[in-house]
Amino acid sequence: MQKKKIPAAIAAGALIALGGSLAGALPASAADGDAKLSVLHAVPGLTVDVYVNNALTLDDFTPGSLAGPLDLPAGTYSVAITASDAADASSPAIGPVDLKLDAGGNYTAVAHLTADGKPTATLYTNDTSTLAAGQGRLTVRHDAAAPAVDVLAGGSAVVSNLSNPDEKVLNLPAGTVSASVAATGTTTPVIGPADVNVAEGVNTIVYAWGSLADGNLALAVQTIDGLHSNPSGVPAGSAGLVATNRPADPTGLVIGGSALLVLAAGTAVALRRRAVAKAAR
Amino acid sequence: MPRVDAGLPASAPAVPEPARVEVPALGVDVSVVPEGIDDAGALALPEDPGVAAWYEYGPSPFADAGSSVIAAHVDSLQYGLGDFAALAGAPAGTEVLVRSADGTTARFAVVSVETTDKTGVPGATVFDRTGAPRLTLITCGGEFDYGAGHYLSNVIVTAAPVP
């Protein structure tokens, strides 16, 4: 997924929907320093409407859906979630809750069940710090009506005793993780195992949601890309055969066996160093 | 506001990966393998100069955006001189062919060849994952540090797609 700005017309429409009182102060397009807000619906069996500052922002929002990200000026937004047939935000099923969004922050608001099965909403701050080259980030969030869990990768716990609505963030070598979720201290999966692609330079956020008692636990996934950094260099030669500073008789150095031996003697120290370095790995 | 189903994604249709690079005019013909990062955080390269590394976390040469990086050792004490040694003399317009394992070919033409001190390699440009699609071939060159056993410069060939 590329870094995308929401087209100005859509952004303006959505921002007006956030409340007429804000509209005059809003920029025509996303500005640097705006916050990014995504919304995940993780309450099973309930299609909802989402109101932001009393304006309908997400109509008929279905469970398991992820909306956004929307670029928003920093500030505090009131979010109310109603049944999908509600006429307005006056009788919310969840909220209203105040979401404080800081400039430059990246957030996901999640409507989900508490550990004992009551609808609620949690605002998470997504970690968008730069990753080392070759690394991916795995964020695990417990948004299910279930007790504390362990997250297992390849059969062993990588996250222990995670409770609703907590999260755990791991930076890992990029690759596919076979992940499952089990009651803490156990290894029998209640979700999974499922292959999760922890892609390089990406924060892959996995949500456990649903209800253990109702037998509808599931995973939802959100990804935030563009967090990569570059290799530190390209070390692409070790013999000096085409060096511009090679000793006399360059032709001999390239094709003459005896000259190669001379060259080899010159680099023997380096080779020994490499051997030591490899042995230490 | 865009909405998606947040369920576990099915594996996306993969963009082909490079399997060979050829520069017919210069006699370059090497196989290509996907590589990531070595222990030092640098691009990992096969020891054999006859096998090039494609930086697997960046764009493929068959992708529609960004700089695809394929690099190979210029030489090695074990294997001798590599094909990529010829790249330093590539004139602008030289044809570069990248072939995938399934036989697809992407065609490029050399735009520039630069020899850059390794401390000055523009990583953000070379490894850029966005912008116009292009192929970046990298090897070593310039002066050699006989004590440390490495070259002081990278030879960076930038090539643009040929329709």
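All values derive from a computational prediction rather than experimental measurement. (Residues numbered from 1 in each chain as written. Chains lettered and ligands numbered in written order. Predicted model: local features only at pLDDT ≥ 70, side-chain atom pairs only at ≥ 80, totals over all residues. Heavy atoms only, no water.)

1. Some words on the overall build of chain A
Phase 1: Looking only at helices and strands, chain A has four helices and 16 strands in total.
Phase 2: Residue burial in chain A is summarised as follows: out of 281 residues, 43% are buried.
Phase 3: Excluding contacts between residues fewer than 6 apart, the proportion of contacts in chain A whose partners are at least 24 apart in sequence is 59%.
Phase 4: Only carbon and sulfur atoms are counted for the fraction: they give 57% of the accessible area of chain A, which is about 12700 Å². (Helix = DSSP H or I, 4+ residues; strand = E, 2+ residues; numbered from the N terminus. Buried < 20%, exposed > 50% of the residue type's maximum accessible area, 1.4 Å probe, protein only. Contact = heavy atoms within 4.5 Å. Areas by Shrake-Rupley, 256 points an atom, 1.4 Å probe, with all protein chains shown as cover.)

2. Concerning the overall build of chain B
Phase 1: Across its full length, chain B holds one helix and 11 strands.
Phase 2: From first element to last, N terminus to C terminus, chain B shows the α and β order β-β-β-β-β-β-β-β-β-α-β-β.
Phase 3: Considering chain B as a whole, with its 163 residues, one finds that 44% of them fall into the buried category.
Phase 4: A separation of at least 24 residues holds for 57% of the contacts in chain B among residues at least 6 apart in sequence.
Phase 5: Just so you have it, chain B exposes about 7000 Å², and 54% of that area is on carbon and sulfur atoms.

3. Details of the environment of Ala92 of chain B
Phase 1: Counting through the fold element by element, Ala92 of chain B comes out in the loop between strand S7 (80–81) and strand S8 (95–100).
Phase 2: If we skip the residues at most four places from it in the chain, Ala92 of chain B touches Val110 and Val111 of chain B.

4. A short note on the side chain of Ser38 of chain A
Residues and elements named next belong to chain A.
Phase 1: Inspection of the secondary structure puts Ser38 in strand S1 (residues 35–42).
Phase 2: Of note is the side chain of Ser38, whose polar atom sits 3.4 Å from the side chain of Gln222.
Phase 3: Those residues in contact with Ser38 that sit more than four places away from it in its chain are Leu66, Ala67, Gly68, Pro69, Tyr107, Thr108, Ala109 and Gln222. (Polar contact = N/O pair within 3.5 Å; in protein donor to acceptor, adjacent residues only side chain to side chain.)

5. Let's talk about the packing of aromatic side chains
Phase 1: Considering all chains together, one arrives at five aromatic pairs over all chains under this definition.
Phase 2: A ring pair is formed by Tyr124 of chain A and Tyr207 of chain A, whose centres lie 6.5 Å apart and whose planes are at 70 degrees; its orientation type is edge-to-face. With Tyr124 of chain A in strand S8 (residues 119–125) and Tyr207 of chain A in strand S15 (residues 203–211), the pair connects residues that are 83 residues apart, well separated along the chain. In this structure, Tyr124 of chain A and Tyr207 of chain A share a single accessibility class: buried.
Phase 3: Relative to Tyr146 of chain B, the ring of Phe144 of chain B lies with its centre 4.9 Å away and its plane at 70 degrees, an arrangement referred to as edge-to-face.
Phase 4: One aromatic cluster is present, built from ring pairs that chain together Tyr55, Tyr57 and Phe127 of chain B. (Phe/Tyr/Trp six-rings, centres within 6.5 Å; stacked < 30°, edge-to-face > 60°.)

6. What to know about the sheet that holds strand S10 (residues 149–153) of chain A
All names here are of chain A.
Phase 1: Strand order in the open sheet made by the four strands is S11-S10-S13-S14, with antiparallel pairing throughout. Across the chains shown, the open sheet's two edge strands, defined by having one partner strand only, are strand S11 (156–162) and strand S14 (189–198). Between one strand axis and the next, the sheet turns through 20 degrees on average, direction left out of account. (Pairing = 2+ DSSP bridges. Axes fitted to C-alpha atoms, helices over the stretch in contact; angles between N-to-C directions.)

7. Describing the confidence of the model for chain A
Detailed reading of the predicted coordinates is not advisable wherever pLDDT falls low.
All names here are of chain A.
Phase 1: Taken over all residues, the pLDDT of chain A has a mean of 82, while the share at 70 or more is 77%.
Phase 2: Of all secondary-structure elements in chain A, the lowest mean pLDDT belongs to helix H2 (residues 20–23), at 34, while strand S9 (residues 135–145) reaches the highest, 98.
Phase 3: Contacts of residues 1–29 to residues separated by more than four positions or lying in other chains number 39 contacts, the stretch itself having pLDDT below 50.
Phase 4: Considering only residues more than four positions removed or in separate chains, one finds that residues 249–281, a stretch of pLDDT under 50, has 30 contacts. (pLDDT = per-residue confidence, 0-100.)

8. Some remarks on the interface of chain B and chain A
Phase 1: Between chain B and chain A, the residue contacts involve 49 residues of the former and 57 residues of the latter.
Phase 2: The junction of chain B with chain A conceals about 4100 Å² of combined surface from both sides, 60% of it contributed by carbon and sulfur atoms.
Phase 3: Contact with chain A buries area across many residues of chain B, yet Met1, Leu77 and Tyr146 of chain B alone supply 21% of it, more than any other trio.
Phase 4: Our enumeration of links across chain B and chain A arrives at one salt bridge. (Buried area = accessible area lost by both parts, 1.4 Å probe. Salt bridge = Lys/Arg side-chain N within 4 Å of Asp/Glu carboxyl O.)

9. Brief notes about the environment of Thr186 of chain A
Residues and elements named next belong to chain A.
Phase 1: Position of Thr186 among the secondary structure elements: in the loop between strand S13 (175–183) and S14.
Phase 2: Of the residues examined, Thr186 reaches a relative accessible area of 33% and is grouped as partly exposed.
Phase 3: Taking the C-alpha atoms as reference points, Thr186 and Ala157, separated by 29 residues in sequence, lie 9.2 Å from one another.
Phase 4: In this view, Thr186 contacts Asp150 and Leu152; residues no more than four positions away in its chain are not counted.
Phase 5: A distance of 2.7 Å separates a polar atom in the side chain of Thr186 from the backbone oxygen of Ala183.

10. Observations regarding the sheet that holds strand S16 (residues 218–224) of chain A
All names here are of chain A.
Phase 1: Strand order in the open sheet formed by four strands is S12-S9-S15-S16, and the pairing between neighbours is mixed. A single partner strand is all that each edge strand has here, and the edge strands are strand S12 (167–173) and S16. The average angle at which neighbouring strand axes cross in this sheet is 20 degrees, direction not considered.
Phase 2: Sheet topology places S9 next to S12; seven bridges connect them, and they run antiparallel.

11. Some remarks on unusual backbone geometry
Residues other than glycine predominantly adopt negative phi, and peptide bonds predominantly adopt the trans conformation.
Residues and elements named next belong to chain A.
Phase 1: Look at the link from Gly95 to Pro96: it is a cis peptide, with omega at 5 degrees.
Phase 2: The residue Pro96 is located in strand S6 (residues 94–101) in this model.
Phase 3: Cis geometry marks the peptide bond from Asn164 to Pro165, where omega comes out at 5 degrees.
Phase 4: In this model, Asn53 sits at a positive phi of 50 degrees, which is unusual for a non-glycine residue.
Phase 5: Residue position: Asn53 is located in the loop between strand S2 (48–52) and strand S3 (55–61).
Phase 6: Even without being a glycine, Asn54 presents a positive backbone phi close to 70 degrees.
Phase 7: Among the structural elements, Asn54 can be located in the loop between S2 and S3.
Phase 8: A residue is classified by how much of its surface remains accessible, and Asn54, at 66% relative accessible area, is exposed.

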